[in-house]
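An overview of the molecular structure
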Amino acid sequence: MLQKKQRHCPAVWCLAVLLFLCLLPTETQAKVKAPKKECHAYAVMDAGSGELLFGQDADKVIYPASTAKLMTAIVCVEQGNVNGKIKTKSEIVNNTTYGTYSLGIGAGITFRFKDLLNMSLMASAADATDSLAAGVFGSKQKCVEAMNAKCRELGLKKTSFDNPVGSDIGAGFKKTYSTAREMALITRYAMANPLIRSTVAKVHCETKGYYFNTTNWFLRGMAWYDEDKYTIIGSKSGTTNAAGHVFIATAVDDEGHEVICAYFGNVSKESTFTSIRKLLDYTFRKYHEGKLTLTKSNYDVRISKKYKEVYDRYAALNCYPTGDSGLFRPNRAITRKELGKLLKGADSLKGNATLNVFMQGNMDGTVTALRFATLLSELYPAHLSGEETEALLADNPATAELSEEEKEAFAIFIKNGFAVDKSCQNPSQILTRGQALLMADKLADYQIRYFASHPQSPDREAAVTQTDNIKAFLGTPSLTLNLKWKNSLKTQAAQRKAEAKKAAQAAKAEAAEETTANTETTATTAEKKTKAPEKSAEPAGK
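Residues numbered from 1 in each chain as written. Predicted model: local features only at pLDDT ≥ 70, side-chain atom pairs only at ≥ 80, totals over all residues. Heavy atoms only, no water.

**Digging into the overall build of the protein**
How we decide: The way it works is that DSSP assigns letters per residue, a run of H or I at least four long becomes a helix, a run of E at least two long becomes a strand, and they are numbered from the N terminus. Any residue under 20% of the maximum accessible area for its type is buried, any over 50% is exposed, and the rest in between are partly exposed; the area is computed with a 1.4 Å probe on protein chains only. Should any heavy atoms of two residues lie within 4.5 Å, those residues are considered in contact. Reported accessibility uses the Shrake-Rupley method at a 1.4 Å probe radius. Residues are deemed covered only where the shown protein chains occlude them.
A tally of regular secondary structure across the protein gives 19 helices and nine strands. Burial statistics for the protein: of 542 residues in total, 48% are counted as buried. A sequence separation of at least 24 residues applies to 65% of the contacts in the protein between residues at least 6 apart. Carbon and sulfur atoms form 51% of the exposed surface of the protein, whose accessible area is close to 27700 Å².

**Some thoughts on unusual backbone geometry**
Positive phi, close to 60°, is recorded for serine 124, a residue that is not glycine. Checked against the element boundaries, serine 124 lands in the loop between helix H4 (113-121) and helix H5 (126-137). Non-glycine residue serine 348 carries a positive phi angle of around 55°. By the element assignment, serine 348 lies in the loop between helix H12 (336-346) and helix H13 (353-361).

**Quick word on the sheet that holds strand S9 (residues 258-265)**
Formally: Here a strand pair is declared whenever DSSP counts at least two bridges between the two strands. Angles shown run from 0 to 180 degrees and are taken between the N-to-C directions of axes, each axis being a line fitted to C-alpha atoms and, for helices, limited to the stretch in contact.
As summarised here, the arrangement of the five strands in space is S2-S1-S9-S8-S7, forming an open sheet in which the pairing is antiparallel. In this open sheet, the two edge strands, each paired with only one partner strand, are strand S2 (51-56) and strand S7 (231-240). If you compare each strand with its neighbour and ignore which way they point, the axes differ by 10° on average. Each of strand S1 (39-46), S2, S7, strand S8 (244-252) and S9 is contacted by helix H10 (residues 269-288), which is oriented at about 150° to S9, the strand it contacts most.

**Quick notes on the packing of aromatic side chains**
We apply this condition: Stacked, tilted and edge-to-face are the three classes assigned to paired rings of Phe, Tyr and Trp, where Trp is represented by its six-membered ring and a pair needs centres within 6.5 Å; plane angles under 30 degrees give stacked, over 60 edge-to-face, the rest tilted.
Tallied over the entire structure, the rule returns 24 aromatic pairs. Seen in terms of ring centroids, tyrosine 42 and phenylalanine 54 are 6.3 Å apart; in terms of plane orientation they differ by 80°. Their pairing is edge-to-face. Taken together, the positions of tyrosine 42 in strand S1 and phenylalanine 54 in strand S2 put the pair twelve residues apart, joining distant regions of the chain. Of the two residues examined, tyrosine 42 and phenylalanine 54, each falls in the buried class.

**Quick notes on the environment of asparagine 356**
Tracing the sequence through the fold places asparagine 356 in helix H13. Look past the residues within four positions of asparagine 356 in its chain and what remains in contact with it is Lys344 and Gly351.

**Section: the nonpolar core**
Test applied: Here, nonpolar core refers to any group of buried Ala, Val, Leu, Ile, Met, Phe, Trp, Tyr and Cys residues whose side-chain atoms link them within 4.5 Å.
Within the largest apolar cluster, 62 residues are counted, with the highest numbers of intra-cluster contacts made by Ile105 and Met119. Looking at which element gives the most residues to this core, the answer is helix H2 (residues 69-79), with seven residues. When residues no more than four places from it in sequence are discounted, the contact partners of methionine 119 are Leu103, Ile105, Phe111, Ser124, Ala125, Ala128, Thr207, Tyr210 and Phe212. In terms of nonpolar packing, the next biggest core, distinct from the first, is built from 52 residues, Phe358, Phe413, Leu438 and Phe451 among them.

**Notes on the confidence of the model for the protein**
Counted only if it meets this: One confidence number per residue, pLDDT, is output by the predictor and ranges from 0 to 100.
Overall, the prediction assigns the protein a mean pLDDT of 88, with 86% of residues at 70 or greater. Predicted confidence for residues 460-467 stays below pLDDT 50, and this span has 22 contacts to residues more than four positions away or in other chains.

**Quick look at a negative patch on the surface**
Basically, it comes down to this: Like charges within 9 Å and nonpolar side chains (Val, Leu, Ile, Met, Phe, Trp, Tyr) within 5 Å are joined into patches, using only residues over 30% in relative accessible area that form no salt bridge. Between Lys or Arg on one side and Asp or Glu on the other, a salt bridge is scored when a side-chain nitrogen of the former is within 4 Å of a carboxyl oxygen of the latter. In this tally, Asp and Glu contribute negative charge and Lys and Arg positive charge; neither His nor the terminal groups of the chain are included. By convention, the point assigned to a charge is CZ for Arg, NZ for Lys, CD for Glu and CG for Asp.
Taken together, the side chains of Glu387, Glu390, Glu404 and Glu405 make up a negatively charged region of the molecular surface. Secondary structure elements with two or more residues in the negative patch: helix H15 (386-393) and helix H16 (404-415). Glutamate 390 gets classed as exposed once you look at its relative accessible area, which sits at 60%.

**Quick word on helix H7 (residues 180-190)**
For H7, the tally of buried residues reaches nine of eleven residues, placing the bulk of the element in the interior. Restricting attention to buried positions, one finds in H7 the residues Ala180, Glu182, Met183, Ala184, Ile186, Thr187, Arg188, Tyr189 and Ala190.

**A few points about the packing of H2 against H5**
Counted only if it meets this: Should the near helix be turned counterclockwise from the far one by less than a right angle, the crossing is left-handed, whereas a clockwise turn marks it as right-handed. Only Asp, Glu, Lys and Arg are considered charged in this grouping, and only Ala, Val, Leu, Ile, Met, Phe, Trp, Tyr, Cys and Pro are considered nonpolar; every other residue, Gly among them, is considered polar.
Remark: H2 packs on H5, axes separated minimally by 10 Å, with the N-to-C direction vectors making an angle of 35°. Crossing geometry of H2 relative to H5 is assigned as left-handed. Where H2 abuts H5, its residues Lys69, Thr72, Val75, Cys76 and Gln79 lie against Ala126, Thr129, Leu132, Ala133, Val136 and Phe137. For the contact of H2 with H5, the class distribution of residues is seven nonpolar, three polar and one charged.

**Side note on the pairing of S1**
Within S1, seven of the eight residues are buried, which leaves it mostly tucked inside the rest of the structure. The pairing of S1 with S9 spans seven bridges and is classified as antiparallel. Residue pairing across strands places alanine 41 opposite phenylalanine 264, the latter belonging to S9. Examined bridge by bridge, S1 and S2 share five bridges and lie antiparallel to one another.

**Remarks on the pattern of salt bridges**
In the structure shown here, the tally under the stated rule is 18 salt bridges. Across the salt bridge formed by arginine 188 and aspartate 312, the nearest N and O atoms sit 3.6 Å from each other. Within this pair, whereas arginine 188 is found in helix H7, its partner aspartate 312 is found in helix H11 (residues 308-314), the two being separated by 124 residues in sequence. We classify arginine 188 as buried; its relative accessible area is 8%. Take aspartate 312: its relative accessible area is 29%, and that puts it in the partly exposed class. Here lysine 286 ties to glutamate 289 by a salt bridge, and the two come within 3.5 Å at their closest N and O atoms. Using a relative accessible area of 14% as the deciding quantity, one classes lysine 286 as buried. Via salt bridges that share partners, Glu309, Arg313, Asp441, Asp445 and Lys484 belong to a single interconnected network.

**Digging into the side chain of serine 178**
Short version of the rule: Under the rule applied, a polar contact is a pair of N or O atoms within 3.5 Å (in protein, one hydrogen donor and one hydrogen acceptor; residues adjacent in sequence only if both atoms are side-chain atoms).
Within the secondary structure layout, serine 178 lies in the loop between helix H6 (140-153) and H7. A distance of 2.7 Å separates the side chain of serine 178 from the side chain of threonine 159, its partner in a polar contact. Those residues within four positions of serine 178 in sequence are excluded, and the remaining contacts are Lys60, Val61, Ile62, Pro64, Lys158, Thr159 and Met183.

**A word on helix H14 (residues 369-379)**
Judged by how many residues are buried, H14 sits mostly within the fold: eight of eleven residues are covered. Among the residues of H14, those classed as buried are Ala369, Leu370, Phe372, Ala373, Thr374, Leu375, Leu376 and Leu379. Buried positions along H14 lie against H12, H13, H16 and helix H17 (433-453).

**Here we look at the packing of H12 against H17**
Keep this limit in mind: Working rule for angles: under 35 degrees goes down as roughly parallel, over 145 as roughly antiparallel, 65 to 115 as roughly perpendicular, anything else as oblique.
Axis separation between H12 and H17 bottoms out at 10 Å; the angle between their running directions is 30°. Here H12 is positioned roughly parallel relative to H17, judged by the angle of their axes. Our pair here, H12 against H17, has a crossing hand that is right-handed. Contacts between H12 and H17 involve Glu338, Leu339, Leu342, Leu343 and Ala346 on the former and, on the latter, Arg433, Ala436, Leu437, Ala440 and Leu443. Partitioned by chemical class, the residues of the contact of H12 with H17 number eight nonpolar, no polar and two charged.

Right under this line is the structure:
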């Protein structure tokens, strides 16, 4: 006898989703205890993923001092001619903010762009920084506008600048401020730029008779750390009365993990560097103990216009193919092993038998666009009519020699947008890591569409759609969801919660209005009952 399909009331659905969401990892949850330090604030960040590992008052507004020059460098490098030259002007070099450090470079001297960048980031020279800013943008104010525009682009809501050098409230600049977390994010972005990265790694420099050292005590050997554990590769210092003694260090271990420590000290410069060393020791120790997850650096893609959005989506999953150098190398051919790791993480295919067979066949072998297409058809069997297959491949002579099965697989590949660039329309194209990353992101969307449109699939109940996601979850105990599905569930649960709250508030308001109306009616009735009736006056007797 057929049983009726159980109907789930909305309350059960919401409870199920809440239980499910409780099982999902919290993106910003603290994994280890943050050591207590005597400072204004600090933040320790995984540079690969951008995740805050731990910190102290990491979101409290502080003053960045000369670490602000990292943002000046970012906008100047991105919008200026890094191979050009800049002639210094007297109104710039003779009017640097009072109290800032300058090299005294003088007016009318022509420097290379890179010379001024060295002076700014290594020696923290205000006259060089102002000259660089004005040389690129025409004025210091225009540079400041570009700095704040970059903050908005990066989603930094608590950071503002009103000068290029990092002067703050102590010098009358009231709109230069940030937080430890956001300055760590600025550093993460800056350290992904090869020119800035190489500049802050230098110890000494000489330009046109000006000799200067880095202010990074770690690089100069003035502050000790254990170089067998990690290597400090640079970043920026700063000091003002309001900011205290600031340093943002970037350290890399021999596995390619990159950690940023943004420290805003209120004791002494010696204390700042000592505290940073202890925090970095603590971070890498906890990683080796398995209590922290670190991501490979991947600095060559993490700010890329082409890859950044997709990279950030999956960075914390540690599924990217990187070597000990920490570089993603997006133009390098991806191997079967690397592609399998990527798909297992980005698309929740861990333990998938078909994918395991694909990987083990030739782990170090490369993958063509056609092989990806046939893998797709093996993972998610689908069919197209002969007419549709021909139409999709009509303008693609490179597919002429394919078998009918290969043509159908490649047509499905094309139809669903897996040809992420023109070269991928050639079945023989060997896929790069960058192309594979974009394809893995496309696969996350394809999974949702596939299960929603293939009722014959044994995994049909795993379909999570906008209208049936909760039912699918309830009916599939072993359901595994990719990150986009999980985010969709979170969004929908939040929407339902907001709608339920709104409905409850409306019901409460309606009940209150009804209670008020009933009270007023009762009061009116009582008033009528207690009031004596008035009698008409009658003439006395006849």
